[in-house]
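An overview of the molecular structure
This is what each chain is made of:
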Amino acid sequence: MARGRRPEETVGLRQLVIDAWSWLNYKPVMAEAGRPGSRAFPELAKTWVPPHELRRLAAYKVLASYDNNQAGQLAAAGGDASALERRELGDAAKLVDTALGYLLGSEQTITVEGADHADEETPQPGAVEAAAVQDRLRKWADKELLTFRIQQAERAAVLLGDSVMVLAWNPAKQRPTLRVYDPGFFFPQWGDEDEDFPSRVHLAWELPADDEAGLKARVRRVTYELGPIAEGVGGEDVEGGGSTAGIRTYPWEPGRASNVTCYLTDAEWLLEDLKNGETLDQLPMDKAAYRVRPDGTELNRLDLMIDFVPVVHIANTIPDGGEHWGRSILARVLQALDELAATDSDSSAASATTGTPIIGLAGARLPVDRATGKPQELQVKAGAVWQLGETGRMDALDTSPQLAELRARVDHLLERIAANSRVTAAGLGTLDATEVPSGYALKLALGPLDALVGMMRLAREHKYRLLFKMVQRLYQAGRGEGWSSGETLPARLAWAPHTPTDRAAVLEEVVTAYGAGVLSLETAVTMLLEAGYPIKDASQEVARIRAKAEEEAAARVEEAASRRRKPDGEGDREMGEGVTEQDTGRASGSVGG
């Protein structure tokens, strides 16, 4: 029974299963609770796949088929032969990409709490250190192509509901590396229902046979597991700490001894060596072929010298109680997408009979084929001439009303999909701009989209904080340049606004509030940054503004000093001349009047 699944109830010959993937029960490939997708996805029938993971893996396959316009082929594999004629025009992929674009915004920025105050005249305690960590994290992000990795991970999360990112220390590059994995390769092992994070994680996938290279079909499993430090194995001394047999002091927790470490195992098994019942967590270790690192180290319970599993699972939505898996953006509208594809197919068939109608002839003189002596078949084409008798008649079947109805139904389904997915018609770009009376009305129309993006970003907030915490600790464990022992600073991923902002209104608000003294300069610049102004770094922009203000103040002081240094009476004469000219102008004006 899957984690969080409620008890099954027998209904006739079928089972009613309520779990995180119940919205797919209407699909024939998911109707069988015990072996879902066994016909359509034969790879799920492998003996090493845990039975309680089958529904999740089958759900990923179904969602991927919609993204690739293959839902009709999937339905045909489930027994619906007519589904092969179904027209799929990319509506599912468009919904996924649109939701992904609003989630990501125009850019993502790493921020460390307190870093914006480092450039103040009297910076707050820890602000300088926070700014240094923020700068180092941003440099790591540039080298590791973090924006690209986030795009990879988040599209999988929006489409499938889940995504997985894995960190590893690279001694050659002297930095943590980040890789994105298919969530179908991710198999966490939960030891306790109350655990926030699994203490053991498998990443497993099947490697096909390669006859040319002489390789047989095999399964690869990468395992991260927390466990006690082996007796007689101590960690290397670190700055501000040390280690003894079975006990270790980690640089991010100086003064606190720990007996826990993370072990890495990377091995392969031949499929022919596996027997029934030997699932992923019970593979025979005596038949394993362990992988070897470039330096010759065998990856068999390799001590990574860290006390956490460097794997981050991202859920697209906030999971229900007792669950850990997210929900795809397509989940609630999947049946509507099926209806849309069927309507598009019917509309295509109706348009064929409208453009080339069915014609009935009465009293026509049909041309005769001289070779066979039989009447020739008439064709509806431009320039065709048919001879009709005195009582002849031609009737054409008009299917244009049905075509118009089908097109209206397509529009109705698109509106339903936009509303139920909460992306909204305005978000999808199908809303006619002339139908929006004001900007306030548009804001109300985008309300569900705002709530959707807020929920999706909230579901990821803690996971990205965890990711950056792991990056800092891997740098500390690997003795990266500039990274000393000490507490890990909280860092987060800041998202740009997902909808256009009225920049002029924000600028007016910032100028008024800052001028009145109710906003600090840091807050004002941050508001402009979030509004879309081309500000790369808020702290640097604040520093430039203050430097310019100091230069202008110094120039004014110098100008005032130079005036005071002029000979006696010169300043008075200049002032007097100015007054005389002004008075003269006024007098002339009076005379002219």
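A brief report on the enclosed structure follows. (Residues numbered from 1 in each chain as written. Predicted model: local features only at pLDDT ≥ 70, side-chain atom pairs only at ≥ 80, totals over all residues. Heavy atoms only, no water.)

Remarks on the packing of helix 2 (residues 54-67) against helix 6 (residues 146-160)
Between helix 2 and helix 6, whose axes approach to 9 Å, the crossing angle comes to 105°. By the angle class used here, helix 2 and helix 6 are roughly perpendicular. Residues Tyr60, Leu63, Ala64 and Asp67 of helix 2 pack against Arg155, Leu159 and Leu160 of helix 6. Considering only residue class, the contact of helix 2 with helix 6 consists of five nonpolar, no polar and two charged. (Axes fitted to C-alpha atoms, helices over the stretch in contact; angles between N-to-C directions. Helix = DSSP H or I, 4+ residues; strand = E, 2+ residues; numbered from the N terminus. Parallel < 35°, antiparallel > 145°, perpendicular 65-115°, else oblique. Contact = heavy atoms within 4.5 Å. Nonpolar A, V, L, I, M, F, W, Y, C, P; charged D, E, K, R; others polar.)

Examining the environment of lysine 61
Positionally, lysine 61 belongs in helix 2. With a relative accessible area of 33%, lysine 61 lands in the partly exposed category. Residues lysine 61 and leucine 160 lie 99 residues apart in sequence; the distance between their C-alpha atoms is 8.8 Å. Every residue in contact with lysine 61, bar those within four places of it in the chain, is listed here: Phe41 and Glu43. (Buried < 20%, exposed > 50% of the residue type's maximum accessible area, 1.4 Å probe, protein only.)

Considerations on the sheet that holds strand 15 (residues 311-315)
The antiparallel open sheet is built from three strands, whose spatial order is 5-4-15. The open sheet has two free edges, formed respectively by strand 5 (175-181) and strand 15, since each of these has just one partner strand. On average, each strand axis in the sheet is inclined to that of its neighbour by 25°, with strand direction left out of account. Sheet topology places strand 4 (residues 162-170) next to strand 5; seven bridges connect them, and they run antiparallel. Bridge pairing links tryptophan 169 to proline 176 in strand 5. (Pairing = 2+ DSSP bridges.)

Some words on unusual backbone geometry
In the Ramachandran plot, arginine 422 falls in the positive-phi region, its phi being about 70° despite a non-glycine side chain. The topology assignment puts arginine 422 in the loop between helix 8 (400-421) and helix 9 (425-428). Since its relative accessible area comes to 31%, arginine 422 is described here as partly exposed. Located in the positive-phi region is arginine 479, a residue other than glycine, with phi close to 55°. Relative to the helices and strands, arginine 479 resides in the loop between helix 11 (447-477) and strand 18 (491-495).

Some remarks on helix 13 (residues 521-530)
What helix 13 keeps buried is the set Leu521, Glu522, Ala524, Val525 and Leu528. One face of helix 13 carries all of its buried residues, which in axial projection span an arc of 165°. Close packing links the buried residues of helix 13 with helix 12 (503-515) and helix 14 (538-564). One or two residues past the end of helix 13 sits glycine 532, with phi positive at roughly 105°. (Arc of directions from axis to C-beta.)

A few points about the packing of aromatic side chains
Using the criterion set out here, one finds nine aromatic pairs in the structure. Ring geometry for tryptophan 48 versus phenylalanine 187: centroids 6.4 Å apart, planes at 75°, classification edge-to-face. Pair noted here: tryptophan 48 is in the loop between helix 1 (28-31) and helix 2 and phenylalanine 187 is in strand 6 (residues 186-189), with a separation of 139 residues, a long-range link. In this structure tryptophan 48 comes out as buried when scored by relative accessible area, which is 6%. Looking at phenylalanine 187, the relative accessible area reads 1%, which means it is buried. Taking 5.9 Å as the distance between ring centres and 80° as the angle between the ring planes, the aromatic pair formed by tyrosine 464 and tryptophan 495 counts as edge-to-face. (Phe/Tyr/Trp six-rings, centres within 6.5 Å; stacked < 30°, edge-to-face > 60°.)

Concerning the environment of isoleucine 306
Among the structural elements, isoleucine 306 can be located in the loop between strand 14 (302-303) and strand 15. Judged by relative accessible area, which is 2%, isoleucine 306 ranks as buried. In contact with isoleucine 306, other than residues within four places in its own chain, are Tyr250, Trp252, Val260, Thr261, Cys262, Leu474 and Ala477.

A word on the pairing of strand 7 (residues 200-207)
Burial runs high along strand 7: six of the eight residues are buried. Relative to strand 7, strand 6 is paired through four bridges, and the arrangement is antiparallel. In the strand pairing of strand 7, glutamine 189 is matched with arginine 200.

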